[in-house]
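Here's the letter readout for the chains.
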Amino acid sequence: MMRAYELMIILDGDLDEAAAQGWVKSVSDSIAKAGGNVHGKPDWWGRRQFAYPINKKNEGVYTVLEIVTEAPNLDEIDRFLRLADDVVRHKLIRLPDKEAARRGLLTAAG
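Residues numbered from 1 in each chain as written. Predicted model: local features only at pLDDT ≥ 70, side-chain atom pairs only at ≥ 80, totals over all residues. Heavy atoms only, no water.

### Overview of the pattern of salt bridges
- Scanning the model with the defined rule gives 12 salt bridges in all.
- In this structure, the salt-bridge partner of aspartate 29 is lysine 25, at a minimum N-O distance of 3.2 Å. With aspartate 29 and lysine 25 both in helix H1 (residues 17–33) and four residues apart, the pair spans about one turn of that helix.
- Given a relative accessible area of 40%, aspartate 29 falls into the partly exposed group.
- Of the charged contacts, one joins arginine 102 and glutamate 99 as a salt bridge, the two residues approaching to 2.8 Å between their closest N and O atoms. One end of the pair, arginine 102, and the other, glutamate 99, are both in helix H3 (residues 97–102), three residues apart, so they sit about a helical turn from each other.
- Residue arginine 102 is classed as exposed on the basis of its relative accessible area of 63%.
- Judged by its relative accessible area of 22%, glutamate 99 falls in the partly exposed class.
- Each of Glu6, Glu66, Glu99, Arg102 and Arg103 takes part in salt bridges that share partners, so that together they form one network. (Salt bridge = Lys/Arg side-chain N within 4 Å of Asp/Glu carboxyl O. Helix = DSSP H or I, 4+ residues; strand = E, 2+ residues; numbered from the N terminus. Buried < 20%, exposed > 50% of the residue type's maximum accessible area, 1.4 Å probe, protein only.)

In structure tokens:
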């Protein structure tokens, strides 16, 4: 069953803009290859200061993707993000069906 998800990725702040955009493209391509799709364009938040140092870094590059896929398709992507050195943090949440429908990700709220 297709579900809607929101994926936030925080990349290492030492990456330049082109490298960070490349990471987002790589993740989007991996999602498509796994049978899902990224809805719209990634929400690019850009470089932000952390509230506290993470891995001796003070800032990161933030982006949010809205994804529509089946749950098993996300296992490999989650593993890939956990192992990637340039990914400081990532958070994947399933959107409630009503919120997904409101955003236009799913056709009907269930």
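Picking up after the structure, the text goes on.
### Observations concerning H1
- Here H1 is 17 residues long and its end C-alpha atoms lie 24 Å apart, about the 24 Å a rise of 1.5 Å per residue gives.
- Next to the buried residues of H1 lie strand S1 (3–12), strand S2 (37–54), strand S3 (57–69), helix H2 (74–83) and strand S4 (87–94).
- The first or second residue beyond H1 is glycine 35, which carries a positive phi of 105°. (Expected span 1.5 Å × (residues − 1). Contact = heavy atoms within 4.5 Å.)

### Let's talk about the sheet that holds S4
- Pairing within the open sheet is antiparallel, and its four strands lie in the order S2-S3-S1-S4. A single partner strand is all that each edge strand has here, and the edge strands are S2 and S4. Direction aside, the axes of adjacent strands within the sheet are offset by 20° on average.
- Sheet strands touched by H1: S1, S2, S3 and S4. Its angle to S2, the strand with the most contacts, is close to 130°.
- Across the sheet, H2 touches S1, S3 and S4, and the angle it forms with S4 is around 155°. (Pairing = 2+ DSSP bridges. Axes fitted to C-alpha atoms, helices over the stretch in contact; angles between N-to-C directions.)

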